[in-house]
Amino acid sequence: MARPGSGLNGLGYPPQNLARVVVWEWLNEHGRWRPYSAAVCHHIENVLKGDARGTVVLGQVDAQLSPYIIDLQSMHQFRQDTGTMRPVQRNFYEPSSAPGKGVVWEWENDNGSWTPYDMEICVTIQNAYEKQHPWLDLTSLGFCYLIDFNSMAQTNRQSQRKRRLRRRMDLAYPLIMGSIPKSQSWPVGASSGQPCSCQQCILVNSTRAASNAILASQRRKLYGQGGNAGATGTLTTVRQSNTFAGTSLWSPTSNSSGTNDNNISVGGGQAKAEQVQVPLSKANFPCSPAMPSLSSHGHHALTINGQNNLNRPGTQRISMGTARGAIPPGVPALPVKNLTGSGPVHPALAGLPVCLTRAPKPILHPPPINKSDLKPVPGINGMRRKTKKKHLRRGKNPEDVVRRYTDKIKVAPDEDCTICMERLSMASGYEGVLQHRGVKPELVGKLGKCGHMYHLLCLVAMYNNGNKDGSLQCPTCKTIYGEKTGTQPPGKMEYHVIPHCLPGYPDSKTIRIVYDIPAGIQTSEHPNPGKKFSARGFPRHCYLPDNDKGRKVLKLLIMAWDRRLIFTIGTSSTTGESDTVVWNEIHHKTEFGSNLTGHGYPDPNYLDNVLTELAAQGVGEDNLKD
């Protein structure tokens, strides 16, 4: 199988005559690197040749990517209309692999359109396909899917759901020869000109300032130890770009050669690298037990052997010896300038107390589970709920709803109605706009629970603009009157106990919730009636601890599902896609075995927080029946 970074020589970068296929990728909200299309990668490479610190406008090659730009200096994708930033990386594959041949493997989503696999998976599938394997198990890559080449189908080993897959030919990804150009990665140094105030530049500059402050502090410590720096030599190394991975540790070795050079070489690194030279002195490495003593008669080498694969689990820790102090909090794993300012070099190679680890991948799902191991949740009847159109309740008269929850005020106070912003002693701002028999524009009502006062006609207008489900919500304090329902599309909710523990709950099994909503057509209650809506990422798996509080949360989530409050149709805050099914302000934990995205465990406050969010939707503990 073609792996990124293969074919490296002892210095950690490919030989001059080695051809490589370049694939640019962006990091999604699930921690997966998603490839850009071949056409987009060609466009990025063309811009990179002209200006390695420039900006790539993706809309110039793909109209669907018009809001996005890539800043090659910070190696981030920036969405201009929302300010969302995502890391990008430049990966390398063998010319004989799938991207080198222009082969794309895709699966059919709920909309009937096709989604490409991650590049690592695409390469794996193509490799098995070329070897004429009848099937391929993706478990080793962290996915519980089985690929059947005879039926050209993908099967979820947990849910047994099948999807079609296809293999199509497209433009081959760009091919490059020779040494790798400088990779762009969070440069640290003095900026020129007036700094920009956009969100993208603020992030880059704040990171730059933090790195400079740490560097200055370390320089004071290093050079303040005395004037005898010792023998000076040359440090030769390979700088790697955004992500560091691998399986080997730094291991010092020494030999004698009668020279005055102290060399550090990095072998087996990822194909994104550059060779830089840095003056080396004892001041750079103040912890003498970490390295052999440097003298004018010794030649010392520090080597790394191992491979660096961005798409595989693994950790590379760089340590300069046991005498080094603990890593101070807040030290970023970011490339900074070397101590002379001559060029970018990683802080670990400049003697700074930094530990570099490849960001681990989130554990989204538990190990495979047999259906016989799925048990009902204690104290809750059944294991499935469905929401259909017949469950919707409509036909409430607006005037009756408003009168049910308000008391008339004979003498209106001299204050504003926060709906129309007219004085309560004056007529409603909806006078002449809205006409309702029996509701005069000057009538004022006070809501029963919270006591806030509004024009009755304003409350009628607010109700007509809402879900018209027979409930009211105070626009000032958000108190809910009646039973609030939402606009969640039809779907199903399943829940059961699985025999695995969540981080932070070693003594409890786990409640797994599976939401499944298909794509469909929007109705009159949705933003764009008659238009199709998408449903990305379904079925969605969520997790709760199987204890008393976790079961209480589940009961309230079932109630919220029945009231159609869990999801709605809107614009995704992560992808920017409109007319799609999105979460509706009730947070769920979708990460099973880790908490890298903030949507996992351990999180000791989550159960209390979600109870508060449910109560804000009118689904409180007082709704539970004994």
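Our subject is the structure listed above.
First, a word on what this report is: a plain description of the structure on this page. (Residues numbered from 1 in each chain as written. Predicted model: local features only at pLDDT ≥ 70, side-chain atom pairs only at ≥ 80, totals over all residues. Heavy atoms only, no water.)

### Here's the deal with the side chain of Gln-488
Thought 1: Counting through the fold element by element, Gln-488 comes out in the loop between strand S26 (480-481) and strand S27 (491-498).
Thought 2: On the accessibility criterion, Gln-488 (0% relative accessible area) is buried.
Thought 3: Only 3.1 Å separates the side chain of Gln-488 from the backbone nitrogen of Ile-566, close enough to count as a polar contact.
Thought 4: Non-local contacts of Gln-488, meaning those with residues more than four positions away in its chain, are made with Thr-387, Ile-517, Trp-561, Arg-564, Leu-565, Ile-566 and Phe-567. (Helix = DSSP H or I, 4+ residues; strand = E, 2+ residues; numbered from the N terminus. Buried < 20%, exposed > 50% of the residue type's maximum accessible area, 1.4 Å probe, protein only. Polar contact = N/O pair within 3.5 Å; in protein donor to acceptor, adjacent residues only side chain to side chain. Contact = heavy atoms within 4.5 Å.)

### Here we look at the state of the cysteines
Thought 1: If you walk through the whole model with that rule in mind, you get zero disulfides.
Thought 2: Cys-458 provides the cysteine sulfur closest to Cys-420, a residue in no disulfide bond, and the two sulfurs are 3.6 Å apart.
Thought 3: Take Cys-420: its relative accessible area is 16%, and that puts it in the buried class.
Thought 4: In this structure Cys-477 is not part of a disulfide, and its nearest cysteine sulfur, from Cys-474, lies 3.6 Å away. (Disulfide = S-S within 2.5 Å.)

### Section: unusual backbone geometry
With the exception of glycine, the majority of residues adopt a negative phi angle, and the majority of peptide bonds are in the trans configuration.
Thought 1: For the bond running from Phe-538 to Pro-539, omega is 0 degrees, close enough to zero to count as cis.
Thought 2: Along the chain, Pro-539 turns up in the loop between strand S30 (532-533) and strand S31 (540-545).
Thought 3: Here the amide bond leading from Tyr-601 into Pro-602 is cis, since omega sits at 5 degrees, within 30 degrees of zero.
Thought 4: Phi at Gln-160 is positive, roughly 65 degrees, even though this residue is not glycine.
Thought 5: Relative to the assigned elements, Gln-160 resides in the loop between strand S11 (153-156) and strand S12 (162-169).
Thought 6: Even without glycine at this site, Met-421 takes up a positive phi of about 65 degrees.

### Observations regarding the pairing of strand S5 (residues 76-79)
Each regular strand carries side chains that alternate between the two faces of the sheet.
Thought 1: Of the two faces of S5, both are covered, the one formed by His-76 and Phe-78 as well as the one formed by Gln-77 and Arg-79.
Thought 2: Relative to S5, strand S4 (residues 68-71) is paired through four bridges, and the arrangement is antiparallel. Paired with Tyr-68 across the strands is Arg-79, a residue of S5.
Thought 3: A loop of four residues connects S4 with S5, the two strands running antiparallel in sequence, and Met-75 in this loop sits at a positive phi of about 55 degrees.
Thought 4: Pairing of S5 with strand S6 (residues 85-93), which is carried by three bridges, proceeds in the antiparallel orientation. By the bridge assignment for S6, His-76 is matched with Pro-87. (Pairing = 2+ DSSP bridges.)

Taken by themselves, the reported measurements are silent on function.
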